[in-house]
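Secondary and tertiary structure notes
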Amino acid sequence: MQKISVIIPTYNCANILKNTIQTLIHQSIGFENIELILVDDNSNDGTPEIIKEFTNQYENIKCVFLKENSGSAAIPRNVGIENASAEYIMFLDNDDRYDLKMCETLYNAIEEHNVDIVMCKHKVIFNSQFPDEKLIMPDTSFIKANPKENETLLNDIYMWNKIFKREFILNNDIKCPHSLSEDMAFIIKSYMNTDEMIFLNNYYGYFYNVRDSENNKSTINSITESKYMSILDGYYTTINIFKEANREDLINLFMKNHFITLIALFINLNSNDSTKKRILEELYAFKQYSNFYHPLTEKWAEFFNKNIEKRNFRLILFSSKIINKLYKLEALKKFYRQIYRENK
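The present account deals with the structure reproduced in this document. (Residues numbered from 1 in each chain as written. Predicted model: local features only at pLDDT ≥ 70, side-chain atom pairs only at ≥ 80, totals over all residues. Heavy atoms only, no water.)

**Looking at the overall build of the protein**
- Counting its secondary structure elements, the protein contains 13 helices and 11 strands.
- Residues classed as buried in the protein amount to 53% of the 344 residues present.
- In the protein, of all internal contacts separated by at least 6 residues, the share reaching a separation of at least 24 is 82%.
- For the protein, the computed accessible surface area is about 15900 Å², with 46% contributed by carbon and sulfur atoms. (Helix = DSSP H or I, 4+ residues; strand = E, 2+ residues; numbered from the N terminus. Buried < 20%, exposed > 50% of the residue type's maximum accessible area, 1.4 Å probe, protein only. Contact = heavy atoms within 4.5 Å. Areas by Shrake-Rupley, 256 points an atom, 1.4 Å probe, with all protein chains shown as cover.)

Here's what the structure looks like:
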């Protein structure tokens with residue numbers, strides 16, 4: 001039996017999937033110790049053929065082909081969990097990569113400390129500019145903490161830089177809601193059901209690939225009204241998780257960082273003014289529902305935050321157009337990338 005089940009949701013990723021799988025095949029823990037589960041969300045670009053090619057080559061690869069496209073990674077991830085058989089579960093996106101010692105490092109940590117979750121740091125790269133793959137001894141220094149009492153842990157809402165006990169996920173019925181922010185709700189529910197986890201605070205085990213070139217954009221860089229509302233649905237689900245756990249005291253602590261994300265996504269929204277105004281009304285309603293009135297740390301975001309509270313939507317629409325145009329300038333985009341790297 002394999003030690004870890006690694007779940008990769010796939011969709012129209014024929015040009016990059018092989019390289020992603022290779023980072024698992026060359027893991028220092030030994031690929032024979034990994035159960036790879038590929039769940040394809042009804043791709044139409046040749047991805048299924050690549051999956052079948054690997055499945056025929058390796059006995060420890062499972063594949064599931066969904067008959068209809070679900071529109072997000074949520075359902076594929078849930079299907080992956082249902083098909084997992086190893087003691088531990090990890091997640092990997094189809095355009096990202098693991099460090100070559102990622103699986104071994106997280107596995108050793110969760111075995112040694114007997115916790116439900118182990119987390120590491122990640123590095124942001126742009127447009128598949130991955131570093132050369134090298135086997136380097138990781139820094140395994142760690143912090144043991146309760147995620148409900150540690151702001152750094154609470155605000156790390158990614159599924160792919162962690163390892164989980166499969167039993168912990170199943171016993172607490174932790175699933176991804178059907179939205180584009182499915183990982184956030186999954187992680188917050190995980191946090192609400194554990195009092196102790198390990199954070200490998202000096203180990204960068206995951207390479208997160210942001211695609212922002214004109215012809216190849218990640219979801220976060222190609223926002224439509226339907227995508228935005230799907231993301232907002234995930235935030236409502238997350239707020240309800242806090243409420244159900246009787247931890248409404250954590251909402252402001254959590255949202256003071258994540259409301260900045262909602263504002264940034266609004267600025268990148270590809271819609272007309274009437275649509276954007278409707279979304280601003282939705283953001284206003286969300287602030288009331290979550291009872292979130294904490295000031296934001298970034299001045300530009302606080303400007304939008306305050307004007308949403310005051311419903312000064314015309315001013316917001318005008319300002320967002322200016323910022324959106326400035327961001328599209330290549331010089332400012334490079335500057336933004338550098339800041340993004342430094343803050344991760």
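Don't stop here, the text continues.
**Some thoughts on the nonpolar core**
- Counting 100 residues, the largest nonpolar core has L24, F186, M255, F259 and L262 as the members making the most contacts within it.
- For this core, the leading source of residues is helix α9 (residues 251-267), giving 10 residues.
- The residues contacting L24, other than those within four sequence positions of it, are V6, I8, F31, I34, L36, L92, Y98 and C103. (Core = buried A, V, L, I, M, F, W, Y, C linked by side-chain atoms within 4.5 Å.)

**Comments concerning a nonpolar patch on the surface**
- Taken together, the side chains of F318, I322 and L326 make up a nonpolar region of the molecular surface, amounting to roughly 290 Å² of accessible area.
- By secondary structure assignment, the location of I322 is in helix α12 (residues 313-328). (Patch = residues over 30% accessible without salt bridge, like charges linked within 9 Å, V, L, I, M, F, W, Y side chains within 5 Å. Salt bridge = Lys/Arg side-chain N within 4 Å of Asp/Glu carboxyl O.)

**Let's talk about the packing of aromatic side chains**
- Going through the model one piece at a time under the given rule, you end up with 16 aromatic pairs.
- Taking the centre distance of 5.8 Å and the plane angle of 75° together, the rings of F91 and F186 count as edge-to-face. Here F186 lies in helix α7 (residues 182-192) and F91 lies in strand β4 (residues 88-91), a separation of 95 residues in the sequence. Assigned by exposure class, F91 and F186 land together as buried.
- Plain terms: the ring middles of Y98 and Y206 are 5.8 Å apart, the flat faces sit at 70° to each other, and that makes the pair edge-to-face. Within this pair, whereas Y98 is found in strand β5 (residues 97-98), its partner Y206 is found in strand β9 (residues 197-210), the two being separated by 108 residues in sequence. The residues Y98 and Y206 share a single accessibility class, namely buried.
- Three or more aromatic residues link up through ring pairs in this structure, and these residues are Y98, Y158, W160, Y206 and Y208.
- Against the face of Y204 rests K123, its NZ or CZ located 5.4 Å from the ring centre. (Phe/Tyr/Trp six-rings, centres within 6.5 Å; stacked < 30°, edge-to-face > 60°. Lys NZ or Arg CZ within 6 Å of the ring centre and 35° of its normal.)

**As for the side chain of T194**
- Within the secondary structure, T194 sits in the loop between α7 and β9.
- Those residues within four positions of T194 in sequence are excluded, and the remaining contacts are D116, I117, N146, P147, K148 and F168.

**A word on the pairing of strand β8 (residues 162-165)**
- With burial as the criterion, each face of β8 is covered, one bearing K162 and F164 and the other bearing I163 and K165.
- Taken together, the three bridges between β4 and β8 define a ladder with antiparallel strand orientation. By the bridge assignment for β8, M90 is matched with I163.
- The pairing of strand β6 (residues 117-126) with β8 spans three bridges and is antiparallel. Bridging across to β8, M119 finds its partner in K162. (Pairing = 2+ DSSP bridges.)

**What to know about the side chain of S43**
- Here S43 shows up in the loop between β2 (34-40) and α2 (47-57).
- Side-chain polar atoms of S43 contact the backbone nitrogen of N12, separated by 2.7 Å.
- A distance of 2.6 Å separates a polar atom in the side chain of S43 from a polar atom in the side chain of D40.
- Contact partners of S43, with chain neighbours within four places excluded, come to T10, Y11, N12 and P48. (Polar contact = N/O pair within 3.5 Å; in protein donor to acceptor, adjacent residues only side chain to side chain.)

**Here we look at the environment of P147**
- Within the element layout of this structure, P147 appears in the loop between β7 (143-145) and α5 (151-154).
- Classification of P147 by relative accessible area gives buried; the value is 0%.
- As a C-alpha pair, P147 and E196 span 49 residues in sequence and 6.9 Å in three-dimensional space.
- Apart from the residues within four sequence positions on either side, P147 is in contact with L153, L154, Y191, T194, D195, E196 and M197.

**A closer look at helix α8 (residues 225-244)**
- Taking 1.5 Å per residue as the helical rise, α8 with its 20 residues ought to reach 28 Å, and the 29 Å between its terminal C-alpha atoms agrees with that figure.
- Residues of α8 that are buried include every one of Y228, S230, I231, L232, G234, Y235, T238, I239, I241 and F242, and no others.
- If you follow the buried residues of α8, they end up packed against α5, α7, α9 and α10 (273-290).
- Just downstream of α8 lies N246, where phi reads positive at about 55°. (Expected span 1.5 Å × (residues − 1).)

**Some points on the pairing of strand β1 (residues 4-10)**
- Most of β1 is tucked away, with seven of its seven residues classed as buried.
- Bridge count between β1 and β2: seven bridges; the pairing is parallel. The residue bridging P9 from the neighbouring strand is V39, located in β2.
- As defined by bridge partners, β1 adjoins β4 across four bridges and the pair is classed as parallel. In the sheet register, I7 faces β4, and the bridge partner there is F91.

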